Amino acid sequence: MKTYDVVIVGAGPAGATAAKEAAERGLKTIFFERGRKPGEKNASGCGLGPRMWREFDIMQELTPEVCPSMRAGAAARNYFVNEDGVVAGYLMTRPTESVSYEPAKSFITMNVYRSDFDPWIAQFAIDAGAELKSATLVVDLLKEDGKVIGVVDEKGEKYRGFVIGADGVISMVARQSGLRTRWQQQQVTLVPQYDFAVSPGKIDDIMGDEALAVWWSATFPAAYQVFFRDGFHVGLGNWMTWWDRNPRVYLDRCVGLPYFQRLLRILDAKPREFQVHLLPWLEYPYNTHTDNVILVGDAAGFPCPLEAEGIYPAMVTGRIAAEVAVEALSSGDTSKEALKAFDARWQKTSVGKEFEAGRELAAIWRALPFSPKETMTWFVPMMMDVLGGIFDWSQPHVRRVRQILQNVKSYAPKALPFFMQYVFPLLHKVLGDRLYKLMDPQTLAAALPKVTQMMKQEPPTTEGE
Ligand SMILES: Cc1cc2nc3c(=O)[nH]c(=O)nc-3n(C[C@H](O)[C@H](O)[C@H](O)COP(=O)(O)OP(=O)(O)OC[C@H]3O[C@@H](n4cnc5c(N)ncnc54)[C@H](O)[C@@H]3O)c2cc1C
């Protein structure tokens, strides 16, 4: 048996960060990766948000020399696809003046393939003195008197030490430590995804500074597209309970859109890989630790409850787990009770802030991109009327505006309950009791006569409407 202070299962962003932080604090650290190198399975679209630059110094060292697929993008495009498969409109957005963190004005995400990023970040841990054991599957936990004291690899080799489970969504550590049996079906999404190769430079020429796109549609769950230097991903996901046929059927609906096919032709994009991944999507992480064990990143369900951004929370929780391990080991108390410090600490970070509104954020996401048939059937045409309805030169503008208002009003029976059920609770979470002040019946009653007065001033209906 080999003895370490800390034994980390997984060399993704969570495991590599935990390993770096533990080794830097003087702990004898080993981290395991089942792939021949970290990032071998090139797991997922990797949009890195500016928060990472804000909080992790190493991010300053991420350059195209070390991560050739890296590409920054400042624009996000939302395509609205109608029930006939036509792109009825799109909305392009860039960071606005209200963005307060300066670097976030120049990019929304830095996109890097995980086959580049994961080995890069693991190298910091190795440089700090952690030992990386790749091509090694950890198959079990080592126990003494029912308590976890280390891990066992596929060759039966035993490693003793404090265990950090950074082994992703299907976490052996979570299962074998008794922290979780398996995810409930409403806690995990299944994401099929295509990767396309594109000649370097072509994406910049054609897409400009677009970082990503979302395809909102009534006929498939919202699909995302992430642009790298030499290719892009397109994928979509939904709860395990949602799929009524092979998920690829829905992804193919998006890729098969005439607009998408045109994009493939212009970019001269070549299919490179098809992948299917699981992604935890929780309202709130739970059961994160037990005696001598902490779970971090996807293993504990830390992706953001709105968009499932998971790399940043993986790194934050990896770092905190290492800090807590150092303290617990030096005090000689690694009990479940002592490790409560882990929860207390991540809850105080930006990740914890996100989960304060976890239920409301997750609910709104379930109701929008994950409910195409229920929501997008009215959301897409309503958005199009609001955004583009005025471009009808067959009528005088005043009459056209009245027609648009009339049409938008017809969506009210579906839109209003949606806003009351999903948007209102989120606003309440954000504004607290100020929302009630804004909605105060007396204030509203005082405003009503003015609104009625304005309505009286509307011109009489014109003949032919
Ligand atoms: C389709 C998709 C798109 C996504 N897009 C984004 C995005 O754009 N931005 C973003 O921030 N997040 C994104 N995410 C989420 C993000 O990928 C995860 O949250 C993140 O990778 C979690 O990091 P981790 O280190 O916890 O786990 P992982 O990245 O899963 O790393 C776990 C590592 O452990 C290894 N491992 C597992 N079990 C064992 C074992 N028993 N023995 C040895 N090694 C083991 C695995 O091979 C893997 O390398 C996306 C996820 C998916 C599925």
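About the criteria used
- One numbering rule holds for all chains: residues counted from 1, following each sequence as written.
- Predicted model: local features are reported for residues with pLDDT of at least 70 only, side-chain atom pairs are reported and counted for 80 or more only, and whole-chain, interface and lining totals are derived from all residues.
- Side-chain descriptors were evaluated using all non-hydrogen atoms of the structure, hydrogens and water having been removed beforehand.
- Convention adopted: a line fitted to C-alpha atoms gives each axis, helices being fitted over their contacting stretch, and angles between N-to-C directions are expressed from 0 to 180 degrees.
- Elements are defined by DSSP. Helices are runs of H or I of four residues or more, strands are runs of E of two residues or more, and each kind is numbered from the N terminus.
- Under this scheme an angle from 65 to 115 degrees is roughly perpendicular, one under 35 degrees roughly parallel, and one over 145 degrees roughly antiparallel; angles in between are oblique.
- Each crossing gets its handedness from the near helix: less than a right angle anticlockwise from the far helix is left-handed, clockwise is right-handed.
- Contact definition: two residues touch when any of their heavy atoms are within 4.5 Å.
- Each residue gets one of three labels, nonpolar for Ala, Val, Leu, Ile, Met, Phe, Trp, Tyr, Cys and Pro, charged for Asp, Glu, Lys and Arg, and polar for the others, Gly among them.
- Working definition: rings of Phe, Tyr and Trp (its six-membered ring) pair if their centres are within 6.5 Å, and the pair is stacked with planes under 30 degrees apart, edge-to-face with planes over 60 apart, and tilted otherwise.
- Accessibility here uses a 1.4 Å probe with only protein chains present; expressed as a share of the type maximum, an area under 20% marks a residue as buried, one over 50% as exposed, and anything in between as partly exposed.
- Whether a charge sits over a ring comes down to the Lys NZ or Arg CZ being within 6 Å of the ring centre and within 35 degrees of the ring normal.
- Paired strands, in this sense, are two strands between which DSSP finds at least two bridges.
- Distance and chemistry together define a polar contact, namely a pair of N or O atoms within 3.5 Å, with one atom able to donate a hydrogen and the other to accept it when in protein, and with adjacent residues in sequence counting only for side-chain atoms on both sides.
- Domain extents, as shown, originate in an automatic or database domain assignment.
- Buried area is calculated as the accessible area (1.4 Å probe) missing from two parts once they are joined, with the contributions of both summed.
- Salt bridges are counted wherever a side-chain nitrogen of Lys or Arg sits within 4 Å of a carboxyl oxygen of Asp or Glu.

Remarks on the packing of helix α8 (residues 311-331) against helix α9 (residues 340-347)
Following both chains from N to C, one finds α8 and α9 inclined at 140 degrees, their axes separated by 9 Å at the closest point. In terms of axis orientation, α8 runs oblique to α9. α8 and α9 meet at a crossing whose hand is right-handed. Across from Thr317, Ile320, Ala321, Glu323, Val324 and Glu327 in α8, the residues of α9 making contact are Ala341, Phe342, Arg345 and Trp346. Class assignment of the residues belonging to the contact of α8 with α9 gives a composition of six nonpolar, one polar and three charged.

Topic: the packing of aromatic side chains
Each aromatic ring pair is specified by the distance between its two centres and by the angle formed by the two planes. Counted under the stated rule, the structure contains 34 aromatic pairs. With a centroid separation of 6.1 Å and 70 degrees between ring planes, the pair formed by Trp215 and Tyr259 is classed as edge-to-face. Here Trp215, found in strand β13 (residues 210-217), pairs with Tyr259, found in helix α7 (residues 258-267); they are 44 residues apart in sequence, far enough to count as distant. You can call Tyr259 partly exposed: its relative accessible area is 23%. Put simply, the rings of Tyr79, Tyr90, Tyr194, Phe196, Trp215, Phe227, Phe232, Tyr259, Phe260 and Phe274 pair up and form one aromatic cluster. Taking NZ or CZ as reference, Arg248 lies 4.1 Å from the ring centre of Phe274, over its face.

Things to note about the pairing of strand β10 (residues 147-153)
Most of β10 is tucked away, with six of its seven residues classed as buried. Pairing analysis gives six bridges linking strand β9 (residues 138-144) to β10, with the strands arranged antiparallel. Residue pairing in the sheet places Leu141 in a bridge with Val151 of β10. Connecting β9 to the next strand, β10, in antiparallel fashion are two residues, including Asp145 with a positive phi near 50 degrees. Sheet analysis places β10 next to strand β11 (residues 158-165), joined by three bridges and oriented antiparallel. Looking across to β11, one finds that Val152 is bridged to Lys158. The hairpin formed by β10 and β11 contains four residues between the paired strands, and Gly156 there has a positive phi angle of roughly 85 degrees.

What about the side chain of Thr288?
As for its placement among the helices and strands, Thr288 is situated in the loop between β17 (270-280) and β18 (289-290). Residue class for Thr288 comes out buried when judged on its relative accessible area of 1%. Here the side chain of Thr288 touches His289 through a polar contact of 2.8 Å, side chain to side chain. Here the side chain of Thr288 touches Asp343 through a polar contact of 2.7 Å, side chain to side chain. Excluding its chain neighbours within four sequence positions, the residues that come into contact with Thr288 are Leu179, Val293, Ile294, Leu295, Ala300, Phe302, Phe342, Asp343 and Trp346.

Focus on the domain arrangement of the chain
In terms of domain boundaries, the chain breaks down into domain 1 (2-70 + 112-180 + 287-356), domain 2 (71-110 + 183-285) and domain 3 (361-456). Facing 36 residues of domain 1, the contacting portion of domain 2 comprises 31 residues. Each partner contributes to the roughly 2,700 Å² buried at the junction of domain 1 and domain 2, and carbon and sulfur atoms together form 62% of this total. Area buried by domain 1 at its contact with domain 2 is led by Pro50, Tyr113 and Val169, which between them contribute 22% of it. On inspection of domain 1 and its partner domain 2, the count reaches zero salt bridges. Here domain 1 is connected to domain 2 by 10 residue pairs in polar contact (both at pLDDT 80 or more). Going through the elements one at a time, β3 (47-48), α2 (51-55) and α9 are the ones with two or more residues in the side of domain 1 that touches domain 2.

Points about the side chain of Thr17
By secondary structure assignment, the location of Thr17 is in helix α1 (residues 13-24). Filtering out sequence-adjacent residues up to four positions away, Thr17 remains in contact with Phe56, Ile121, Met315 and Arg319.

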